[in-house]
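# Observations on the three-dimensional arrangement
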Amino acid sequence: MSDLFTTPRLGKGVKTAYDQTRGSHVVLFPEGVLVLNETAAAVVGMCDGRTTIAEMAEKLAEDFDGVRVDDVAELVTRLAARRVVVTGG
């Protein structure tokens, strides 16, 4: 699981979009497409290389019920494994 002070950013060649057909936020990356729920889309939107995972969880808790920092860290870890985000410190 990613460290809570990690500041993830989008990986090279990764783009975000809203897919009108699916009615969902998506991440487009060289290996494919990920359809995101609203919370995951918010996390990806904060992957700017400056915001820590802990800060992301804090901001998400303002808008979504039941946000746990461990869940945000796990999502970032899974996104990093697919090279959607790059983690660095």
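Structure: above.
From a predicted model like this one, the values you see are computed outputs, not experimental measurements. Every residue gets a number counted from 1 within its own chain, in the order that chain's sequence is written. Residues qualify for local features only when their pLDDT is at least 70, as the model is predicted, and side-chain atom pairs are given and counted only at 80 or more; totals for whole chains, interfaces and linings, by contrast, use all residues. Side-chain measures were taken over the full set of non-hydrogen atoms in the model, leaving aside hydrogen atoms and water.

### Points about the packing of helix α1 (residues 38-45) against helix α3 (residues 69-81)
So the rule is basically this: Under this scheme, a helix contributes an axis fitted over its contacting stretch, all axes are lines through C-alpha atoms, and angles between N-to-C directions fall in the 0 to 180 degree range. We count a stretch as a helix when DSSP gives it H or I for four or more residues in a row; a strand needs E for two or more, and each element gets its number in order from the N terminus. Each angle gets one of four labels, with under 35 degrees taken as roughly parallel, over 145 as roughly antiparallel, 65 to 115 as roughly perpendicular, and the rest as oblique. By definition in these notes, contact holds between two residues if any of their heavy atoms fall within 4.5 Å. Charged means Asp, Glu, Lys or Arg here, nonpolar means Ala, Val, Leu, Ile, Met, Phe, Trp, Tyr, Cys or Pro, and polar covers whatever is left, Gly included.
Remark: α1 packs on α3, axes separated minimally by 11 Å, with the N-to-C direction vectors making an angle of 70°. Relative to α3, the element α1 is oriented roughly perpendicular. Counted together, A40, V43 and V44 of α1 and V72, L75, V76 and L79 of α3 form the full contact between these two elements. Looking at the contact of α1 with α3 residue by residue, the classes come out as seven nonpolar, no polar and no charged.

### Quick notes on the sheet that holds strand β4 (residues 32-36)
Inclusion rule: One bridge is not enough; two strands pair if DSSP finds at least two bridges between them.
The strand order across the open sheet formed by three strands is β2-β3-β4, and the pairing between neighbours is antiparallel. This sheet does not close on itself; its edge strands, each paired only once, are β2 (15-19) and β4. In this sheet, neighbouring strand axes are inclined to one another by 30° on average, regardless of whether the strands run parallel or antiparallel. In the sheet, strand β3 (residues 24-29) pairs with β4 via five bridges, with the strands oriented antiparallel.

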